[in-house]
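Listed below, chain by chain, are the residues.
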Amino acid sequence: MFKRIISLLLILILPMCLFGCALEEKTDKTANTVVDLGESRLYSEEDRKTAAEKTMYDYEHSPAIAVLYSVTYAGDDASEETKKYYGDGKYEEVILFYVSFHTKQGAASHGFNNDCDYDVYRDALGKNARGEWETIDGACGY
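The following refers to the structure shown. In every chain, residue numbers begin from 1 and rise along the written sequence. At least 70 in pLDDT is required for a residue's local features to be given in this predicted model, at least 80 for side-chain atom pairs to be given and counted, and no such filter applies to totals for whole chains, interfaces and linings, which use all residues. The side-chain quantities take in all heavy atoms of the structure and omit both hydrogens and water.

It is worth spelling out the environment of Met 56 at this point. Strands are runs of DSSP state E lasting at least 2 residues, helices are runs of H or I lasting at least 4, and numbering of each runs from the N terminus. Structurally, Met 56 can be placed in helix H2 (residues 45–60). Spatially, the C-alpha atom of Met 56 lies 7.8 Å from that of Leu 68, the residues being twelve residues apart in sequence.

The next subject is the pairing of strand E4 (residues 117–127). Two elements, strand E3 (residues 94–103) and E4, share eight bridges in a ladder whose sense is antiparallel. Within E4, the position partnered with Val 99 by the bridge is Tyr 121. Across three bridges, E4 lies against strand E5 (residues 133–135) in antiparallel orientation. The residue of E5 that forms the bridge with Gly 126 is Glu 134. The turn joining E4 and E5, which pair antiparallel and follow one another in sequence, is formed by five residues; a positive phi near 80° is taken by Gly 131. DSSP bridges decide pairing: two strands pair if at least two such bridges lie between them.

For this analysis, a salt bridge means a side-chain nitrogen from Lys or Arg found within 4 Å of a carboxyl oxygen belonging to Asp or Glu. The final tally for this structure, using the stated rule, is nine salt bridges. For the salt bridge of Glu 80 with Arg 41, the shortest nitrogen-to-oxygen distance reads 3.4 Å. Taken together, the residues span a long stretch of sequence, with Glu 80 in helix H3 (residues 76–86) and Arg 41 in the loop between strand E1 (34–36) and H2 at a distance of 39 residues. Residue class for Glu 80 comes out partly exposed when judged on its relative accessible area of 34%. In this scheme, a residue with accessible area under 20% of its type's maximum is buried, one over 50% is exposed, and one in between is partly exposed, where area comes from a 1.4 Å probe on protein chains only. Given the relative accessible area of 59%, Arg 41 is considered exposed. The salt bridge involving Glu 81 is made with Lys 84; its shortest N-O contact spans 3.6 Å. With Glu 81 and Lys 84 both in helix H3, this residue pair falls three residues apart, about one helical turn. Looking at Glu 81, the relative accessible area reads 34%, which means it is partly exposed. Three or more residues joined by partner-sharing salt bridges are found here, namely Arg 41, Asp 76, Asp 77 and Glu 80.

From the geometry alone we can't say anything about function, so treat these as descriptive.
Below, the structure written as C-alpha cells:
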C-alpha cells in the first residue's frame, strides 16, 4: 500500500516538476515589457514572436539594462530597408524591432549612457543558416 501511494505521488508530482522547470520566468527587467508584434506580409507571427523573444532574452541578460519597457516590430518596410544595409548576403531574412529601455549606472562601460532612458532604439536580427534569429552586429542603435 505504501509503495502504491509513493508511486501515485511520483506520477502526479514528477510531471509538474518537469513542466514547471521548463517554463521560463520573466525577471524584474522584463516583467512589464510590452511586446507589439504588429502585422507583416513578410514574417509569420511565429517568426516575429521568436525574434522578439530573442531580443528580450538579450536585453534581459545585458548587464547594462535595468528595465526593458517595450519591443515593437518596426514593420516590413523598415525590416527590408535594414536588410539592404546589414544583410550582407549572410542573412536571407532580417527583422527590425524598436526597443525602449532604461540603463543602469555603469552602463557607459557597455556603450550606453548611465541611468538613461532609450526610446526607439533599433535592434536588427538576421536568421542564420540554422534558422535561428541572431543579433546583427553593427545594426543596432538610433
